[in-house]
Amino acid sequence: MLGQYYVYTGTGGFLLLTLALITGLFGRSLRKKFPGAKVLAVHKVSAILGLFLVLLHVLGVHGIL
């Protein structure tokens, strides 16, 4: 049960931060294909949620949570 917590928070954080990285690096070309406000929203939300999941993962691994 606890191992699943580490897997979900670690994998989820990694995937969301990767999505934020992709939308940050290729945002200009993505805004040509998709609405600019949507690309920016995806970038911000994935970055914030990714950092939150990584924080939960690290705190859980170190026994604080």
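Just above sits the structure.
Heads up: these notes are all about the structure in this document. All values derive from a computational prediction rather than experimental measurement.

1. Focus: the packing of aromatic side chains
Here comes step 1: Under the counting rule described, the total for this entry stands at one aromatic pair.
Here comes step 2: Consider the rings of Tyr 5 and Tyr 6, whose centres lie 5.7 Å apart with planes at 65 degrees: the pair is edge-to-face.
Here comes step 3: On the basis of relative accessibility, which here comes to 25%, the residue Tyr 5 falls in the partly exposed class.
Here comes step 4: The class for Tyr 6 is partly exposed, based on a relative accessible area of 25%.

2. Focus: helix H3 (residues 36–61)
Here comes step 1: The end-to-end C-alpha distance of H3, which contains 26 residues, comes to 37 Å, matching closely the 38 Å that a straight helix rising 1.5 Å per residue would cover.
Here comes step 2: Residues Val 39, Ser 46, Gly 50 and Gly 60 constitute the buried set of H3.
Here comes step 3: Buried residues in H3 make contact with helix H1 (2–25) and helix H2 (27–33).
Here comes step 4: With its phi angle positive at about 80 degrees, Gly 63 sits one or two positions after the end of H3.

3. A closer look at the packing of H1 against H3
Here comes step 1: Relative to each other, H1 and H3 sit at 150 degrees, their axes nearing to 7 Å. Comparing the axis directions of H1 and H3 gives the class roughly antiparallel. The handedness of the crossing between H1 and H3 comes out as left-handed.
Here comes step 2: For the contact of H1 with H3, the residue count by class is 14 nonpolar, 11 polar and no charged.

4. As for H1
Here comes step 1: If you check H1, its first and last C-alpha atoms are 35 Å apart, about what 24 residues at 1.5 Å a residue would give, namely 34 Å.
Here comes step 2: Of all the residues in H1, the buried ones are Thr 9, Gly 12, Gly 13, Ala 20 and Thr 23.
Here comes step 3: Structurally, H1 contributes buried residues whose contacts are with H2 and H3.

Definitions and cut-offs
- Residues numbered from 1 in each chain as written.
- Predicted model: local features only at pLDDT ≥ 70, side-chain atom pairs only at ≥ 80, totals over all residues.
- Heavy atoms only, no water.
- Phe/Tyr/Trp six-rings, centres within 6.5 Å; stacked < 30°, edge-to-face > 60°.
- Buried < 20%, exposed > 50% of the residue type's maximum accessible area, 1.4 Å probe, protein only.
- Helix = DSSP H or I, 4+ residues; strand = E, 2+ residues; numbered from the N terminus.
- Expected span 1.5 Å × (residues − 1).
- Contact = heavy atoms within 4.5 Å.
- Axes fitted to C-alpha atoms, helices over the stretch in contact; angles between N-to-C directions.
- Parallel < 35°, antiparallel > 145°, perpendicular 65-115°, else oblique.
- Left-handed = near helix turned anticlockwise from the far one by under 90°.
- Nonpolar A, V, L, I, M, F, W, Y, C, P; charged D, E, K, R; others polar.

By themselves, these figures tell us nothing about what the structure is for.
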